[in-house]
Amino acid sequence: MSNIASLADRYADIKSEIEGLTRLLEEVREDILKTGYAELVGTRSIVNVSMSEPNRFDSAAAKKLLTDEQIAACTKRGKLQYALTIKGVKAPVLA
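Note that the structure is predicted; figures quoted are calculated from it, not measured.

A. Quick peek at the overall build of the protein chain. Counting its regular elements, the protein chain contains three helices and two strands. Over its C-alpha atoms the protein chain spans a radius of gyration of 23 Å, topping by over 25% the 12 Å that the globule rule assigns to 95 residues. Dimensions along the principal axes, computed over C-alpha positions, put the protein chain at roughly 65 × 50 × 20 Å. Per-residue burial over the protein chain gives 2% buried out of 95 residues. Total accessible area on the protein chain stands at roughly 9,900 Å², and carbon and sulfur atoms take up 57% of it. Charged side chains of the protein chain number 14 positive and 13 negative; the gap between the two group centres comes to 7 Å.

Structure (structure tokens):
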């Protein structure tokens, strides 16, 4: 298998493993929140639970109030981002 092919497979394998662990972590997180405790003390770890209510900027509402020029003046160009998409696995090519 070429290095390029192994990178694709490695990326897909690691991403899949992370997604599975993320689901498990979210299940445990929900169980912790259901306890209602602010602190859970284990034999190796302590988990503190805190709560906050963030304020979010409503850009749709702002666009209704501001002119196009005002919106442009307040708009910053973000950092270039890349997206990797995993598609179905193809059968290996046999020589």
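Additional details are given in the paragraphs that follow.
B. Broad picture of the pattern of salt bridges. Scanning the model with the defined rule gives three salt bridges in all. We note a salt bridge from Arg29 to Glu30, for which the minimum N-O separation is 3.5 Å. Taken together, the salt bridges that share partners define one network made up of Glu26, Arg29 and Glu30.

C. Region of the structure containing the environment of Gln81. Among the secondary structure elements, Gln81 is positioned in the segment after helix 3 (68-73). We classify Gln81 as exposed; its relative accessible area is 70%. Between the C-alpha atom of Gln81 and that of Ala62, which follows or precedes it by 19 residues, the distance is 25 Å.

D. Looking closely at helix 1 (residues 3-35). Over its 33 residues, helix 1 extends 48 Å from the first C-alpha to the last, a length consistent with the 48 Å expected when each residue adds 1.5 Å. At the C-terminal side of helix 1, Gly36 shows a positive phi close to 80 degrees.

E. Spatial organisation of a nonpolar patch on the surface. On the surface, a nonpolar cluster with roughly 290 Å² of combined accessible area is contributed by Tyr11, Leu84 and Ile86. On the accessibility criterion, Tyr11 (36% relative accessible area) is partly exposed.

F. Representation of the environment of Asp13 in the model. Relative to the helices and strands, Asp13 is located in helix 1. Residue class for Asp13 comes out exposed when judged on its relative accessible area of 52%. Taking the C-alpha atoms as reference points, Asp13 and Arg56, 43 residues apart in sequence, are found 35 Å from one another.

G. Examining the environment of Lys15 more closely. Along the chain, Lys15 turns up in helix 1. As for Lys15 and Asp31, which are separated by 16 residues in sequence, their C-alpha atoms are 24 Å apart.

Rules and cut-offs
- Residues numbered from 1 in each chain as written.
- Predicted model: local features only at pLDDT ≥ 70, side-chain atom pairs only at ≥ 80, totals over all residues.
- Heavy atoms only, no water.
- Helix = DSSP H or I, 4+ residues; strand = E, 2+ residues; numbered from the N terminus.
- Rg over C-alpha atoms; globule rule 2.2 N^0.38 Å.
- Buried < 20%, exposed > 50% of the residue type's maximum accessible area, 1.4 Å probe, protein only.
- Areas by Shrake-Rupley, 256 points an atom, 1.4 Å probe, with all protein chains shown as cover.
- Lys, Arg positive; Asp, Glu negative; His and termini not counted.
- Charge placed at Lys NZ, Arg CZ, Asp CG, Glu CD.
- Salt bridge = Lys/Arg side-chain N within 4 Å of Asp/Glu carboxyl O.
- Expected span 1.5 Å × (residues − 1).
- Patch = residues over 30% accessible without salt bridge, like charges linked within 9 Å, V, L, I, M, F, W, Y side chains within 5 Å.

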